[in-house]
Amino acid sequence: MLRPEGTISFYSLMHCGVYALVRRGEIVYIGKSGKLWVRLYNHCNNRGKVVYLPEGCLRQNKGINFDDIWIWPCMLGQMDSLEVHLIHKYEPRYNVKGKPNPVISIPEEMKELLKQLIVITDLPPVLEMAPQRAYITRRL
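Please read all numbers here as calculations on a predicted model, not as lab measurements.

> Would you mind going over helix α1 (residues 36–46) in detail, with residue names and values included?
All of the buried residues along α1 are Leu 36, Leu 40 and His 43. In an axial view of α1, the angular spread of the buried residues amounts to 55 degrees, which keeps them on one side of the axis. Opposite the buried face of α1, at more than 90 degrees from it, the exposed residues are Trp 37 and Tyr 41. Looking at the buried side of α1, the elements it contacts are β1 (17–23), β2 (26–33) and β5 (68–73).

> An account of the pattern of salt bridges is needed here, citing residue identities and associated values.
Under the definition given, this model contains three salt bridges. Among the ionic pairs, Glu 26 bridges to Arg 93, the shortest N-O distance being 3.0 Å. Placement of Glu 26 in strand β2 and of Arg 93 in the loop between α2 (79–90) and α3 (108–115) is noted, with a sequence separation of 67 residues between them. Note that Lys 32 and Asp 80 form a salt bridge whose closest N and O atoms lie 2.1 Å from each other. With a gap of 48 residues between them, Lys 32 in strand β2 and Asp 80 in helix α2 connect regions that are remote in the sequence. Several salt bridges converge on common partners, so that one network encompasses Lys 32, Asp 80 and Glu 83.

> How would you explain the packing of aromatic side chains if you had to name every residue and give the values?
In this structure the tally under the stated criterion is one aromatic pair. For the pair Tyr 19 and Tyr 29, a centre-to-centre distance of 6.3 Å together with 45 degrees between the ring planes defines the contact as tilted. Of the two residues, Tyr 19 is situated in strand β1 and Tyr 29 in strand β2; the sequence distance between them amounts to ten residues. Note on Tyr 19: relative accessible area 1%, which makes it buried. Look at Tyr 29 and you get buried, because its relative accessible area is 18%. Positioned over the ring face of Phe 66 is Arg 47, at 5.0 Å from the centre of the ring.

> Describe in detail the nonpolar core, supporting the description with residues and values.
Ranked by size, the top nonpolar core spans ten residues in total: Cys 16, Val 18, Ala 20, Val 22, Ile 27, Ile 30, Cys 74, Met 79, Leu 86 and Ile 87. Listed by contribution, the elements that provide at least two residues to this core are β1, β2 and α2. Formed by nine residues, the second largest nonpolar core is a distinct cluster that contains Leu 13, Tyr 29, Leu 40 and Ile 64.

> Break down the environment of Phe 10 for me, with residues and values.
Considering the arrangement of structural elements, one finds Phe 10 in the segment before β1. Look at Phe 10 and you get exposed, because its relative accessible area is 54%. Separated by 27 residues in the primary sequence, Phe 10 and Trp 37 place their C-alpha atoms 9.0 Å from one another.

> Account for the sheet that holds β1, naming residues and giving values.
Read from one edge to the other, the open sheet built from three strands follows the order β2-β1-β5, with strand pairing classed as antiparallel. Every interior strand has two partners, whereas the edge strands, β2 and β5, have only one. Across the sheet, the axes of successive neighbouring strands diverge by a mean angle of 20 degrees, strand direction being ignored. Relative to β2, α2 is tilted by about 170 degrees, and along the sheet it contacts β1, β2 and β5.

Rules and cut-offs
- Residues numbered from 1 in each chain as written.
- Predicted model: local features only at pLDDT ≥ 70, side-chain atom pairs only at ≥ 80, totals over all residues.
- Heavy atoms only, no water.
- Buried < 20%, exposed > 50% of the residue type's maximum accessible area, 1.4 Å probe, protein only.
- Helix = DSSP H or I, 4+ residues; strand = E, 2+ residues; numbered from the N terminus.
- Arc of directions from axis to C-beta.
- Contact = heavy atoms within 4.5 Å.
- Salt bridge = Lys/Arg side-chain N within 4 Å of Asp/Glu carboxyl O.
- Phe/Tyr/Trp six-rings, centres within 6.5 Å; stacked < 30°, edge-to-face > 60°.
- Lys NZ or Arg CZ within 6 Å of the ring centre and 35° of its normal.
- Core = buried A, V, L, I, M, F, W, Y, C linked by side-chain atoms within 4.5 Å.
- Pairing = 2+ DSSP bridges.
- Axes fitted to C-alpha atoms, helices over the stretch in contact; angles between N-to-C directions.

Structure follows, in structure tokens:
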């Protein structure tokens, strides 16, 4: 049977794939799921709300605001590589995974302390344990 005119098929939501949450034409988050409709339901439910995380977590998350969803249906084995490719391509603001880590410079005081350390390897085993590294402060 042909789909009636004016309807939308949600066939791709019944399978796995990669999705993008879009806000005003800009991709703000890219994710993947084996059950797209379940994951997207959670995103829609939490949109703009404070999400309470389990006890012991250090912070609370706020749901992502979005007004559109784009879907790339794929096979289960392709999800990881497709997600990483799309994160590198679009660089969404809410994705952390796949973004290059910022380079943090080492303060000069720390560099001076590191110069005073030497590493001694191949020490004899202590109490039948594997050889360990020992760090000994070198006095100038």
